[in-house]
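Structural characterization, general
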Amino acid sequence: MKISVVTTLYKSERFLEEFYKRILKTVLEFTNEYELIFVNDGSPDFSDRKILSIRKNDANVKLIQLSRNFGHHKAVMTGLRYASGDYIYLLDVDLEEPPELLKEFYNVLIDGNADVVYGVQKKRKGKYFEKITGKFFYKVFNLMSEIPIKENILMARLMKRRYVDALKEYHEKELFLGGVFAMVGYHQVSIDVDKGSRPDTTYTFRKKMSLLVNAITATSNRLLIYVFYLGLIISFTSFVGLLYFVIRAIFYKDYL
């Protein structure tokens, strides 16, 4: 079997050496047929040069250069479109989720005859504000979405070929992968994962709110339905108010 590992690069230079050594050691416990796909999402540091340096000694390392920063989720989809393995292992490069999770994911995938095994945080990382905004994100999304998702899902997941082929059929301009992952269907299994934390995360509050808007509009039409009915209520209320003032003006002269 062939395993494809897909990850993205954005201010990732300092993680790459350790990430490569750990993921390579883990993959080689399964197979000698592999590819490590790194998608450079307009990283302002020298992440791409680091990968090219590593590639000199490992032809199975592949670098995809995006022309600018398109965002994490679009970069992930780009990597998945190029992945050719029988199994595709997706995770972030920052080592908050250990690369060695592949072993646990694979065992659960095979034992449960699943198509996808993905991680869910046992306990949400970060400070109080980050935890509150994270809970708010999932509450609002699940309220608006036809297909609810688990809270605190992680990008880390192991997927079979047929699932990824179905996933690649989605060509929406705005992507929220948490919703798309669920919409694809198939047999998906979640497992609890201890996720690390680092203070210099690139996911700011503004980016989270932007992601929430994209998530709702890209995966659900409920917002449009709610806006439609709100428009009807406002129009009806305005009509009733106008009718009231017209009647007062016609039948009650003293009103003027």
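Residues numbered from 1 in each chain as written. Predicted model: local features only at pLDDT ≥ 70, side-chain atom pairs only at ≥ 80, totals over all residues. Heavy atoms only, no water.

1. Examining helix α1 (residues 16-28)
Note the following rule: The helix and strand labels rest on DSSP assignments: H or I over at least four residues marks a helix, E over at least two residues marks a strand, and numbering proceeds from the N terminus. Each helix should span, by expectation, one fewer than its residue count multiplied by 1.5 Å. Contacts were defined at the residue level, with two residues in contact if any of their heavy atoms lie within 4.5 Å.
The terminal C-alpha atoms of α1, which comprises 13 residues, lie 18 Å apart, in line with the 18 Å expected from a rise of 1.5 Å per residue. Contacts made by the buried residues of α1 are with β1 (3-9), β2 (34-40), α2 (47-55), β3 (61-65), β4 (87-90) and α4 (101-111).

2. As for the sheet that holds β2
In plain terms, the rule: Only when DSSP finds a minimum of two bridges between them are two strands counted as paired. In this description, a line fitted to the C-alpha atoms serves as the axis of each element, helices being fitted only across the stretch in contact, and the angle between N-to-C directions of two axes falls anywhere from 0 to 180 degrees.
Strand order in the open sheet formed by seven strands is β3-β2-β1-β4-β6-β5-β7, and the pairing between neighbours is mixed. Only two strands of the sheet have a single partner each, and these edge strands are β3 and β7 (188-193). Averaged over neighbouring strand pairs, the angle between their axes works out to 20 degrees when direction is ignored. Two elements, β1 and β4, share four bridges in a ladder whose sense is parallel. Its bridge partner being in β4, Ser4 is matched across the sheet by Ile88. Along the sheet face, α4 touches β1, β4, β5 (116-121), β6 (153-160) and β7 and points at about 55 degrees away from the line of β6.

3. Comments concerning the pattern of salt bridges
Stated precisely, the cut-off is as follows: By convention in these notes, a salt bridge is any Lys or Arg side-chain nitrogen within 4 Å of a carboxyl oxygen on Asp or Glu. Only protein chains enter the accessibility calculation, which uses a 1.4 Å probe; a residue whose area is less than 20% of its type maximum is buried, one above 50% is exposed, and one in between is partly exposed.
Within this structure, the stated rule accounts for nine salt bridges. Between Glu35 and Lys62 there is a salt bridge; the shortest N-O distance is 2.7 Å. A residue pair is termed long-range when its members are at least 10 positions apart, and Glu35 in strand β2 and Lys62 in strand β3 qualify at 27 residues. The partly exposed category is assigned to Lys62, whose relative accessible area is 35%. Its salt-bridge partner being Asp165, residue Arg161 comes within 3.2 Å of it at the nearest N-O pair. Of this pair, Arg161 and Asp165 both sit in helix α6 (residues 161-167), four residues apart, which is roughly one turn of the helix. Each of the salt bridges in this network shares a partner with another, and the network as a whole consists of Lys2, Glu35 and Lys62.

4. Some details on a nonpolar patch on the surface
We apply this condition: Only residues whose relative accessible area exceeds 30% and that form no salt bridge are eligible for patches; like-charged ones are grouped when within 9 Å, while nonpolar side chains (Val, Leu, Ile, Met, Phe, Trp, Tyr) are grouped when within 5 Å. Each accessible area is a Shrake-Rupley result for a 1.4 Å probe, and residues are judged covered by the shown protein chains and nothing else.
Residues Phe236, Phe239, Val240, Leu243 and Ile247 make up a contiguous nonpolar surface patch of about 490 Å² in total accessible area. Looking at where Ile247 falls in the secondary structure, it is placed in helix α9 (residues 222-251).

5. Re α4
Note on helix geometry: an α-helix contains 3.6 residues per turn, so any two residues three or four positions apart are oriented the same way. Defined as follows: An arc is given here, and it is the one of the directions from the helix axis to the C-beta atoms.
By the burial criterion, the buried members of α4 are Leu101, Leu102, Phe105, Tyr106 and Leu109. For α4, the angular spread of the buried residues around the axis is 130 degrees, confining them to a single face. On its buried side, α4 packs onto β1, α1, β4, β5, β6 and β7. Positioned one or two residues after α4, Asn113 has a phi angle of 50 degrees, which is positive.

6. Some thoughts on the nonpolar core
Quick note on the threshold: Remark: nonpolar core denotes a set of buried residues (Ala, Val, Leu, Ile, Met, Phe, Trp, Tyr, Cys) joined through side-chain atoms within 4.5 Å.
With 32 residues, the main nonpolar core has Val5, Leu36, Phe38, Tyr89, Phe105 and Leu158 as its most contacted residues. When contributions to this core are tallied by element, the ones reaching two or more residues are β1, α1, β2, α2, β4, α4, β6 and β7. When residues in this core are grouped by element, the largest group, six residues, is from α1. Not counting residues within four places of it along the chain, the set of residues in contact with Val5 comprises Ile23, Val27, Glu35, Leu36, Ile37, Tyr89 and Leu91. With 26 residues, the next largest nonpolar core counts Ile37, Val116, Ile153 and Val164 among its residues.

7. Quick look at the pairing of β3
Remember that side chains alternate between the two faces of the sheet whenever the strand is regular. Using the following cut-off: Handedness of a crossover: with both strands directed away from the viewer, a clockwise path from the first strand across the helix to the second marks it as right-handed.
The pairing of β2 with β3 spans five bridges and is classified as parallel. The residue bridging Phe38 from the neighbouring strand is Leu63, located in β3. As for the winding sense of the linkage, the β-α-β connection from β2 through α2 to β3 is right-handed.

8. Points about the side chain of Asp115
The following threshold applies: Any N or O atom pair separated by 3.5 Å or less is treated as a polar contact, with the protein-specific requirement of one donor-capable and one acceptor-capable atom, and with residues adjacent in sequence counted only for side-chain atom pairs.
For Asp115, the position within the fold is in the loop between α4 and β5. Overall, the relative accessible area of 3% leaves Asp115 in the buried class. Among the polar contacts listed, one links the side chain of Asp115 to the side chain of Arg162, at a separation of 2.7 Å.

9. Looking at the environment of Met159
If you trace the backbone, Met159 turns up in strand β6. On the basis of relative accessible area, Met159 is assigned to the buried category, the value being 0%.

10. Let's talk about the packing of aromatic side chains
Note the following rule: Working definition: a ring pair exists when centres of Phe, Tyr or Trp rings (six-membered ring for Trp) sit within 6.5 Å. Plane angles under 30 degrees give stacked, over 60 give edge-to-face, the rest tilted. Two conditions define a charge located above a ring, namely a distance within 6 Å from the ring centre to NZ of Lys or CZ of Arg, and an angle within 35 degrees of the ring normal.
One pass over the full model with this rule turns up five aromatic pairs. Plain terms: the ring middles of Phe19 and Phe38 are 6.0 Å apart, the flat faces sit at 80 degrees to each other, and that makes the pair edge-to-face. With a gap of 19 residues between them, Phe19 in helix α1 and Phe38 in strand β2 connect regions that are remote in the sequence. Measuring from centroid to centroid gives 5.0 Å for Phe30 and Tyr106, while their planes differ by 65 degrees, and the two rings are edge-to-face. Of the two residues, Phe30 is situated in the loop between α1 and β2 and Tyr106 in helix α4; the sequence distance between them amounts to 76 residues. Linked through ring pairs, Phe30, Tyr87 and Tyr106 together constitute an aromatic cluster. Here Arg68 stacks its cationic end above the ring of Phe70, 3.9 Å away from the centre of that ring. In this structure, Arg157 is placed above the aromatic ring of Phe181, and the distance from its NZ or CZ to the ring centre is 3.9 Å.

Purely spatial values, then, with no claim about function.
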